[in-house]
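Summary of the model geometry
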Amino acid sequence: HSPPEQPGDKPLETGEVQRKEVCRWPCRCPPVPACTPGISLVKDGCGCCKVCAKQAGEPCNEADVCDPHKGLYCDYSEDEPRYETGLCAYLVAVGCELNGVYYANGQTFQPNRLYKCLCVSGTIGCTPAFTPRLAGSPCARVPGRKKPGQPICGLGQHKQLQSTNYRLMSAYRSLPLVLKKKCLIQATPWTPCSRTCGIGISSRVTNDNRKCEMKKEKRLCFIQPCLTNMLKKIKIPKGKTCQPTFQLPTAEKLVFSGCSTTQRYKLTFCGVCLDKRCCTPNKSKMITVQFECPNEGFFRWKMMWITSCVCQRICSAPGDIFSQLKLL
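Named according to an unreviewed UniProt entry, the chain is WISP3 protein originating from Peucedramus taeniatus. A UniProt comment under Sequence similarities (unreviewed entry) is attached to the chain, and it reads "Belongs to the CCN family." Comment text from UniProt for the chain, heading Subcellular location (unreviewed entry), reads "Secreted".

The structure is reproduced here in structure tokens:
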């Protein structure tokens, strides 16, 4: 009488390999874990318990699932023929582009000292980057006196702390709190205009729509015309270093994607400075402009209408989504 086969040891008579059972029912779950920021809390592959998802390069199996929110899957190719234990790997997918830099799918990067980001299938996700900082010890010496319970401190005693001295942009903060038909209206700030001169596009995410759903909204923006030697064409007042706004002498039609507006507009543009300051929109409103295309009909776009600009030393590149982050 031969001893019983252990699961996964030998092929069965049918030629198949028996895999070890990793799921047990009924479910018995430990306390829900606290996952490291950036790691998903998901239900295990058995459909039982909440677990921290496995990350790229970590071992995985039928129960220990890979992080689905990062485009990971369990690759069993190295465990042939059993296919019992695998490694988490990224699905083949498109990369991401941010501020003119291309990142591969699954690549982590830090475009700003306040954020660490990850590229997943064309989408960028970011988490705050905590900066280590030396902080003084809470204990202090008082010459000639000692309070009851006061600890005795060594000279120069310090403690390594994780600093939280950073400012986060609230996810949807730019609109005042407005309630429309049981929908709390929220929106991200408009991104900087995609072009420094000529007509560009800026966008935001908002739920200001009939279904109260978060959707991407786009608008046209026109910060400055593309003029050669702007300083010679804009008159800066005597004794001043900046001219915040200016207008062209006549109203003109706007041209976008080979189509022109049906009306002429005399826009207000942001000006220039003699020093290194840049002028950016300070106040604006939204209008709708209609374009007419040769032999193709009409289309409409929302557009930012600048009413005033401010000149400042904080200048950001077009498309810089981190331009409004500041350290305290």
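1. Regarding the overall build of the chain
Summing up its helical and strand segments, the chain has one helix and 22 strands in all. Relative to its 328 residues, the chain shows a buried fraction of 30%. Sequence separation of 24 or more characterises 46% of the internal contacts of the chain that already satisfy a separation of 6 or more. For the chain, the computed accessible surface area is about 22500 Å², with 53% contributed by carbon and sulfur atoms.

2. A short note on the sheet that holds strand β5 (residues 86-90)
Strand order in this open sheet of three strands is β3-β5-β4, and the pairing throughout is antiparallel. What marks the edges here is a single partner per strand, and that holds for β3 (59-60) and β4 (72-75). The sheet contact formed by β3 and β5 spans two bridges and is antiparallel. Residue pairing for β5: Pro59 is matched across the bridge by Leu87.

3. Concerning the packing of aromatic side chains
Evaluated as defined, the whole model comprises seven aromatic pairs. Taking 5.9 Å as the distance between ring centres and 50 degrees as the angle between the ring planes, the aromatic pair formed by Phe256 and Phe291 counts as tilted. Here Phe291 lies in strand β21 (residues 278-293) and Phe256 lies in strand β18 (residues 255-256), a separation of 35 residues in the sequence. No difference in accessibility class separates Phe256 from Phe291, as the two residues are buried. Relative to Phe299, the ring of Phe291 lies with its centre 5.1 Å away and its plane at 10 degrees, an arrangement referred to as stacked. Through pairs of rings, three or more aromatic residues link up here, namely Phe256, Phe291, Phe299 and Trp301. It is Arg219 that lies over the ring of Trp190; its NZ or CZ is 4.1 Å from the centre.

4. Details of the nonpolar core
Of all hydrophobic cores here, the largest spans 20 residues; its most connected members are Leu254, Leu267 and Met303. For this core, the secondary-structure elements that each account for two or more residues are β16 (215-222), β20 (269-273), β21 and β22 (297-312). The element contributing the most residues to this core is β21, with four residues. Apart from the residues within four sequence positions on either side, Leu254 is in contact with Ile199, Phe222, Cys259, Ser260, Thr261, Tyr265, Leu267, Phe291 and Met303. Core analysis: the next-biggest nonpolar cluster, separate from the first, contains 11 residues, Cys221, Cys279, Ile306 and Cys311 among them.

5. Details of empty space enclosed by the protein
Across all of its chains, the model carries two cavities of 30 Å³ or more by this definition. Approximately 40 Å³ is the volume attributed to the largest cavity. If you go around the largest cavity, the residues you meet are Phe222, Leu267, Thr268, Met303, Met304, Trp305 and Ile306. Top contributing element to the lining of the largest cavity by residue count: β22, with four residues. Each residue belonging to the lining of the largest cavity can be placed in one class, and the counts come to six nonpolar, one polar and no charged. As a volume, the second largest cavity reaches approximately 30 Å³. Each residue belonging to the lining of the second largest cavity can be placed in one class, and the counts come to one nonpolar, one polar and four charged.

6. What about the pairing of β22?
Pairing between β21 and β22: 15 bridges, direction antiparallel. Within the sheet, the bridge partner assigned to Met286 lies in β22 and is Met304.

7. A few points about the state of the cysteines
Applying the stated criterion across every chain, the model contains 12 disulfides. Cys35 shares a disulfide with Cys52; S-S distance 2.2 Å. Every disulfide takes its handedness from the sign of the S-S torsion; for Cys35 and Cys52 that torsion is -100 degrees, giving left-handed. One end of the pair, Cys35, is in the segment before β1 (41-43); the other, Cys52, is in strand β2 (residues 50-52), with 17 residues separating them in the sequence.

8. Brief notes about the environment of Asp67
In this fold, Asp67 is placed in the loop between β3 and β4. Take Asp67: its relative accessible area is 0%, and that puts it in the buried class. In this structure Asp67 touches Gly38, Ile39, Ser40, Ala53, Lys54, Gln55 and Leu72, once residues within four positions along its chain are discounted. A polar atom in the side chain of Asp67 sits 2.7 Å from the side chain of Ser40.

Cut-offs and rules
- Residues numbered from 1 in each chain as written.
- Predicted model: local features only at pLDDT ≥ 70, side-chain atom pairs only at ≥ 80, totals over all residues.
- Heavy atoms only, no water.
- UniProt positions renumbered as here; feature names shortened; annotations may be inferred.
- Helix = DSSP H or I, 4+ residues; strand = E, 2+ residues; numbered from the N terminus.
- Buried < 20%, exposed > 50% of the residue type's maximum accessible area, 1.4 Å probe, protein only.
- Contact = heavy atoms within 4.5 Å.
- Areas by Shrake-Rupley, 256 points an atom, 1.4 Å probe, with all protein chains shown as cover.
- Pairing = 2+ DSSP bridges.
- Phe/Tyr/Trp six-rings, centres within 6.5 Å; stacked < 30°, edge-to-face > 60°.
- Lys NZ or Arg CZ within 6 Å of the ring centre and 35° of its normal.
- Core = buried A, V, L, I, M, F, W, Y, C linked by side-chain atoms within 4.5 Å.
- 1 Å grid on protein atoms, 1.4 Å probe; cavity = no way out; pocket = protein on both sides within 12 Å on 5 of 7 lines; lining within 4 Å.
- Points joined across faces, edges and corners; volume = space filled by probe spheres on them.
- Nonpolar A, V, L, I, M, F, W, Y, C, P; charged D, E, K, R; others polar.
- Disulfide = S-S within 2.5 Å.
- Polar contact = N/O pair within 3.5 Å; in protein donor to acceptor, adjacent residues only side chain to side chain.

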